[in-house]
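Each chain, letter by letter, is given below.
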Amino acid sequence: MSIFDVVVAGGGLAGLCLARQLKLEAPDLRVLVIEKRRHPVREAAFKVGESSVEIGAHYFETILGLAPHLRGAHLEKLGLRYFFPHEGNREIHRRVELGPSLFPPVRSFQLDRGRLENYLLDSARASGVEVVDGASVKGLAFGEPHHTIDFDGVEGVRRAHARWIVDASGRAGLIKRQLGLARAVGHGANASWFRIKSRLRVDDWSTDPSWQSRVGGGLRWQSTNHLMGRGYWVWLIPLGSGSTSVGIVADGDIHPFARINRLERAIEWLREFEPQCADVVEAHAGEVEDFLALRHYAHGCARVFSADRWALVGEAGVFTDPFYSPGSDFIALGNDYVTDLIVRQTRGEDITVRADRFDETYRRLFDAFLRLYEGQYALMGNAQVMTAKAAWDNASYWAITALLFFQRRYRRPEFIASIDDLLRRFFSLHVRMQRLFRAWDLADTGSYADAFTNLMRVDELRALQADLAGPLLDDEVLRGRLESNFGLLECLARALQALALGAAPSLEPALHASMAAGDLLNIEPLRVAPRRAAIHV
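Residues numbered from 1 in each chain as written. Predicted model: local features only at pLDDT ≥ 70, side-chain atom pairs only at ≥ 80, totals over all residues. Heavy atoms only, no water.

Draft legend 1. Summary view of the overall build of the protein chain. A tally of regular secondary structure across the protein chain gives 16 helices and 20 strands. Here the C-alpha radius of gyration of the protein chain, 23 Å, is about what a compact globule of 537 residues would show, namely 24 Å. Here the C-alpha coordinates of the protein chain stretch approximately 75 × 55 × 40 Å along the principal axes. When the 537 residues of the protein chain are sorted by exposure, 61% land in the buried category. Put simply, 77% of the contacts in the protein chain that link residues at least 6 apart link residues at least 24 apart. Looking at the protein chain as shown, the accessible area adds up to about 20100 Å², and 50% of this sits on carbon and sulfur atoms. Between the centroid of the 65 positive side chains of the protein chain and the centroid of its 67 negative side chains there is a distance of 2 Å. (Helix = DSSP H or I, 4+ residues; strand = E, 2+ residues; numbered from the N terminus. Rg over C-alpha atoms; globule rule 2.2 N^0.38 Å. Buried < 20%, exposed > 50% of the residue type's maximum accessible area, 1.4 Å probe, protein only. Contact = heavy atoms within 4.5 Å. Areas by Shrake-Rupley, 256 points an atom, 1.4 Å probe, with all protein chains shown as cover. Lys, Arg positive; Asp, Glu negative; His and termini not counted. Charge placed at Lys NZ, Arg CZ, Asp CG, Glu CD.)

Here you go:
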């Protein structure tokens, strides 16, 4: 009979990272990972989720100690970059561009998922984790003192017993289905994507000298590039293997799933809405490596962590939206919580209250992240409103959400309880700002062109991101930093509300009710102009 401390059902990114973290924090734990796919897997054309942002990158690089692999085998990311629509989307240099000119202070990466997961699986085995690949879970039963999981593979049917079972099976959701934990959400977007075995360099799409000079070295291609339009965005993500990931994400009510759910339909859709991109893709039609489509990808869960010694991590639990690349963030948060619970329970601690608090905080964060996207896809063609929204969304993430992770406080439920009032004010302001952006979009009928915005030029925003990499703070100092950051967010909210009111005076009654106190940051609106409009954020 095989007995383990932990069985991880699923050896993708979430499951393999969890196994690595468990062995780093408690090397004596007996860990089994059951993975459906045979390894090694293909590079490039293997899973989606190539782009990371600050929380996920910090988790991979620092907490899991993957910095040498990431820097040697993957690409450092030149931030998030957006191109808003202009007159048929045939001249990228005429489109309003939002993005950095230089690499941001805090690193993030473009990940080749196949390359990374092969590395993680090999290193897991080297650390003493038993990994069975090419195996399928056939059943699991919860019990005392061990849970039971049956699976089959090349060696036939096996049974394992474990104190903990962690579901990292992705959308298969083994535990979610068995316990009836699935919860629908109101965000109805769809996606399709494919990989091309070539480097598709956005920098090559225009020879306009002014446009070329905005980003030195021709490095736009290292960003996660978003081609934006009403109800949709298209991603272009480079991979370390030399391929490029191309994806279409769209609100199903504005762009029906049937328009993008097959390769030929997706390319036809690109011809209509992103013809310059379509021309580039069609020039490489013989290099398409794969095609996948996913309908209504966002999903919730009634519970993800339980003191009954089970947990769900990664997409087995919840998923919001790929727009700000939060998938690896939720892997980081979930794995951090689960590792803490397993290590403490194995030491004999009662984790009942701790598991409840972790579960509540995690799902509270999920709800806050979901608000960024739910009902917001219609805004994506509005350069002015989406610039304001990106400023707010990024500032909020750096000021509160990411800072708590970098400071290792999510695993301190007593600290999270001590800032409950701050978090309530933060989440309330966050919801009001998302409502503002929707109302502003409806009132703004402007058309924008020939402009470049760089959030990193705002000293306060750049400092928020740079401060993530600072030293660990004691509780009192961190509480003061969080309050100070929230005060900055109130100032930013007031500035953005003032911009909205200047652009659309009819919004005044709604804005008056939700105006935040504080001084304005130096933020000015886009100008509506046919040529060379300036933008200052």
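So much for the structure itself; the text now carries on.
Draft legend 2. Geometry of the environment of I416. Of note, I416 is situated in helix α12 (residues 413-418). For the pair I416 and A388, spaced 28 residues apart in the sequence, the C-alpha separation amounts to 29 Å. Apart from the residues lying within four places of it in its own chain, the contact partners of I416 are T361, L404, R409, Y410 and L423.

Draft legend 3. Seen up close, the sheet that holds strand β5 (residues 97-98). As summarised here, the arrangement of the eight strands in space is β16-β12-β15-β14-β13-β4-β5-β20, forming an open sheet in which the pairing is mixed. Looking at the sheet topology across the chains shown, the edges are occupied by β16 (292-294) and β20 (452-453). As paired strands, strand β4 (residues 80-83) and β5 are joined by two bridges and run antiparallel to one another. Along β5, the bridge assignment pairs F83 with E97. (Pairing = 2+ DSSP bridges.)

Draft legend 4. Quick look at unusual backbone geometry. A cis amide bond links H39 to the next residue, P40, at an omega of 5°. Checked against the element boundaries, P40 lands in the loop between β2 (31-35) and α2 (54-63). With an omega of 0°, the peptide bond running from E144 to P145 counts as cis. Relative to the assigned elements, P145 resides in the loop between β8 (136-141) and β9 (147-153). With a phi angle near 40°, E87 is a residue other than glycine that sits in the positive phi range. Take E87: it is sitting in the loop between β4 and β5. Located in the positive-phi region is S325, a residue other than glycine, with phi close to 55°.

Draft legend 5. Fine view of the packing of aromatic side chains. Applying the stated rule across the entire model yields 21 aromatic pairs. Judged by centre distance (4.9 Å) and plane angle (35°), the rings of W269 and F273 are tilted. Residue W269 and its partner F273 are located together in helix α7 (residues 263-273), separated by four residues, close to a single helical turn. An aromatic cluster is defined as three or more aromatic residues linked by ring pairs; in this entry it consists of Y82, F84, W193, W233, W235, F323, Y324 and Y373. Directly above the aromatic system of W211 lies the positively charged group of R220, at a separation of 3.7 Å from the ring centroid. Over the face of the ring belonging to F405 we find R408, whose NZ or CZ atom lies 5.6 Å from the ring centre. (Phe/Tyr/Trp six-rings, centres within 6.5 Å; stacked < 30°, edge-to-face > 60°. Lys NZ or Arg CZ within 6 Å of the ring centre and 35° of its normal.)

Draft legend 6. Just the packing of helix α11 (residues 383-406) against helix α13 (residues 420-443), in detail. Between α11 and α13, whose axes approach to 10 Å, the crossing angle comes to 170°. Between α11 and α13, the crossing angle belongs to the class labelled roughly antiparallel. Read as a crossing pair, α11 and α13 show a hand that is left-handed. Only L423, F426, L429, H430, M433, Q434, F437, W440 and D441 of α13 make contact with α11, whose side of the interface consists of Q384, V385, A388, K389, W392, D393, S396, I400, T401 and L404. Its residues assigned to classes, the contact of α11 with α13 shows eleven nonpolar, five polar and three charged. (Axes fitted to C-alpha atoms, helices over the stretch in contact; angles between N-to-C directions. Parallel < 35°, antiparallel > 145°, perpendicular 65-115°, else oblique. Left-handed = near helix turned anticlockwise from the far one by under 90°. Nonpolar A, V, L, I, M, F, W, Y, C, P; charged D, E, K, R; others polar.)

Draft legend 7. Structural context of the confidence of the model for the protein chain. Mean pLDDT for the protein chain: 93, with 95% of residues reaching 70 or above. Contacts of residues 514-524 to residues separated by more than four positions or lying in other chains number 29 contacts, the stretch itself having pLDDT below 50. pLDDT under 50 marks residues 526-537. Its contacts with residues more than four places away, or in other chains, come to 40 contacts. (pLDDT = per-residue confidence, 0-100.)

Draft legend 8. Structural detail: helix α8 (residues 275-283). Listed as buried for α8 are P275, Q276, C277, A278, V280 and V281. Among the structural elements, β12 (189-196), β13 (224-229) and α7 are those in contact with the buried residues of α8.

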